[in-house]
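One letter stands for each residue in the lines below.
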There are 2 protein chains.
Amino acid sequence: MTAIDCKTNVPITLDGAEALAGVQRGGDFVKKDSSRSSRPNMKELAEALNLDRSTVSRALSEDKSHLVGLETRLRVREAAMKLGYRTDLTAAALRKGRTDTVGIIVSDLENEIFITVLRQIMAELHGTGLPNITPLIGETRDDLSATRDLLHRFLSRRVDAIISLAASDDQADILRSAAEQVPIVLAIRSIRGIDLPSALCDDQAGGAMVAAHFAARGHKYVCQVQGPVAAATFRNRALGFSHVCKQSGLVEVPSSLIVRNATTQEGRDSFASILNASPRPTAIFAHNDSIAIGLVEDLRSGGFRCPEDFAIVGFNNTQISRVLAIPLSTVDYPTVEVGRHAARLVSNLIENRDYAWKTSVFSPSLLVRASS
Amino acid sequence: MTAIDCKTNVPITLDGAEALAGVQRGGDFVKKDSSRSSRPNMKELAEALNLDRSTVSRALSEDKSHLVGLETRLRVREAAMKLGYRTDLTAAALRKGRTDTVGIIVSDLENEIFITVLRQIMAELHGTGLPNITPLIGETRDDLSATRDLLHRFLSRRVDAIISLAASDDQADILRSAAEQVPIVLAIRSIRGIDLPSALCDDQAGGAMVAAHFAARGHKYVCQVQGPVAAATFRNRALGFSHVCKQSGLVEVPSSLIVRNATTQEGRDSFASILNASPRPTAIFAHNDSIAIGLVEDLRSGGFRCPEDFAIVGFNNTQISRVLAIPLSTVDYPTVEVGRHAARLVSNLIENRDYAWKTSVFSPSLLVRASS
DNA sequence: CTGTTAGCGCCTTCAC
DNA sequence: GTGAAGGCGCTAACAG
């Protein structure tokens, strides 16, 4: 560890007059004379133009520049450009009571679905609605206290809204209290015990599609490798799948197989239990593609064939699922719709806190490829 | 577009005295009486305690609370807790000339290496150095104008520093000018034409290791599937590899094979060219794991064996490389070191702009697994 | 140890 | 169409 204490290390000596004239910034005295080399603030820009700050402010603003004479407006904008003026958004935020930021909470930055939806949200925010909003992104890894910290930070930074792609049941309390202070929108995951505007996928329908597909293919014994139940996502996939199994006379063996993390590694590890089941299932529904890939890899290593010995279907339609030697059957997640809806909800809620928000649930669709 | 103008829509009528007492917020007049239900600001907290705002500020601060009597300090903190006081960091930032934010520029949020380094940076910032810094994350997808916009946004938000994991040669100008206003640190990718403190991997050494490995295994004809050359990363891997090939008498065929994007799909697509080469190479160095996986998948589909027909080595040691049916040989990227160094650089530069920054280059290491 | 005072840079009412 | 003035919430000199 290099111990560095530079607070007292800056050997700048100023005599009285200069010290007073200096502008304090970040704890150091920075001489800021009128022949400044650094960029001007609005006041300085106004002085350079012999105009009032308010006129400059209006001229530069997006929605109020019409209040300024055309000539003045152009003169201001040109000077701003030339002198390298750059709005201080922290100051603007303080004054406006609006930061033009939204906090986005993600549970896992390595998960392609979250990233895809995240991108969609950002694109949509830029396009429709708010033009130059900055997202503050935080990752929780499904840790409650990390979530609490993140919410606190976002709230302290006065974000205009929060989107959580990482909700889970244990967060109901903290989300509820946060929602009293700022609009909160849920995406991908909904939770029990709190009703917030949400953008969701119909996971139950997704699970049901897979079961129906297995039934149509003539499978009799099937199983599902379920993700953690804290998230509604996986609960619903399981529900939909099991429901149709019962309807169609499919038997689930083993009846319950839940991995702690929905990862490829755990997918691999879970294959042993399936092999040991009796009767042995011939079709496996993995709750996401990562798990599915783990299963495929492990059964390949064991000398089994896919789909002949085991049919496998994943969930999410990730990039890799398409390029595997045995392209993976999977459920396509409505990322575009979910992201777009989430973004629109926050746009509207920011513009109008009383916006009659509504939750939307979008349908996934089954993609049958080589693995089933 | 729903046009919403709530600025004039709130039919609250206040007589003179009350109007003055009212606090303006976001353009709306919000009656804020002393029996408030919303959270207090510092002034209100101070009034409730019969103290001055400055005393409250000190009592609540991390590094100046020792200036306040123990009893007062506790009283203040307790009251803050009870009344739900929450610092307004936008206001604090304006006053302090420091936002406690750093902008982080990433080219591709789906790339595991970037995410891993990003996490490391965040962890390190939280641990060492700055306690509660908020990262502003932006993705460029290697688009120059996206990068420009991002820099502009970060600068307007007055970030205390910027870390770019997405540098490329064409950004030299804009990075240089941005670096005059705020400390900038490069990670993963360095560029020509500008000298900034950086945290890098010795990609050249990585490429060299792979060539040496191929030579040791007795291969004669080899090839590399190179990533895009705009990033120094891939250029250096190619350089190191080719250099050792020449030294060791290995022949590269085809002599040059460059994909436009370093993705699994392009890896698959490139396998055809390798098959058609003559003499046909027996060992392939893929510039990252994504490409390598594409190659493996395609050769498997074609009935070839790995490593018997083709030895393959990737780069990055991604999660998936470990769990494939044929575990992938790969070069382990020093993500921890790179992330940590980048974080420390910015910490130091934020504390002291004149910090004698230095670039560090960390060594990768070859992991030989089943594919080579 | 605590209070007084003065802004940080911007936006917005109000007056002309 | 432009200027004058005040204040968003906080922190940091400077006194006492």
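These numbers were taken from a predicted model, which means no experiment stands behind them. Each chain has its residues counted from 1, running along the sequence as written. For naming, the first written chain is A and the first written ligand is 1, with later ones following in the order written. For this predicted model, a pLDDT threshold of at least 70 governs which residues receive local features, and a threshold of 80 or more governs which side-chain atom pairs are given and counted, while totals over whole chains, interfaces and linings are taken from all residues. Side-chain calculation: all heavy atoms of the structure are included, whereas hydrogens and water are not.

> Just give me the short version of the pattern of salt bridges, but keep the residues and values in it.
Salt bridges are counted wherever a side-chain nitrogen of Lys or Arg sits within 4 Å of a carboxyl oxygen of Asp or Glu. Per the counting criterion, the structure on display carries 38 salt bridges over all chains. Residue A:Arg176 is joined to A:Asp173 by a salt bridge in which the shortest nitrogen-to-oxygen separation is 3.4 Å. With A:Arg176 and A:Asp173 both in helix H8 (residues 172-179) and 3 residues apart, this pair spans about one turn of that helix. Only protein chains enter the accessibility calculation, which uses a 1.4 Å probe. A residue is then buried if its area is under 20% of the maximum for its type, exposed if over 50%, and partly exposed in between. With relative accessibility at 38%, the residue A:Arg176 sits in the partly exposed group. Across the pair B:Glu124 and B:Arg340 runs a salt bridge whose closest N-O atoms are separated by 3.9 Å. Placement of the pair is B:Glu124 in helix H6 (residues 112-127) and B:Arg340 in helix H14 (residues 335-351), with a sequence separation of 216 residues. Given the relative accessible area of 10%, B:Glu124 is considered buried. Judged by relative accessible area, B:Arg340 falls into the partly exposed class, the value being 31%. Counted as one network, the salt bridges with shared partners bring together A:Asp108, A:Glu110, A:Glu139, A:Arg141 and B:Arg119. Every helix listed is a DSSP run of H or I at least four residues long, and every strand listed is a run of E at least two residues long, numbered separately from the N terminus.

> Please set out the pairing of strand S7 (residues 198-201) of chain A residue by residue, giving values where relevant.
Residue and element names in this part refer to chain A. Across the two faces of S7 the burial is the same, with Ser 198 and Leu 200 and Ala 199 and Cys 201 all buried. Should DSSP find at least two bridges between two strands, the strands are taken to pair. One ladder, built from 2 bridges, connects strand S6 (residues 184-187) with S7; its direction is parallel. Counted as the bridge partner of Leu 186 is Ser 198 from S7. For S7 and strand S13 (residues 360-362), the ladder comprises 3 bridges, and the chain directions are parallel. Counted as the bridge partner of Cys 201 is Phe 362 from S13.

All quantities given are derived from atomic positions and should not be read as evidence of function.
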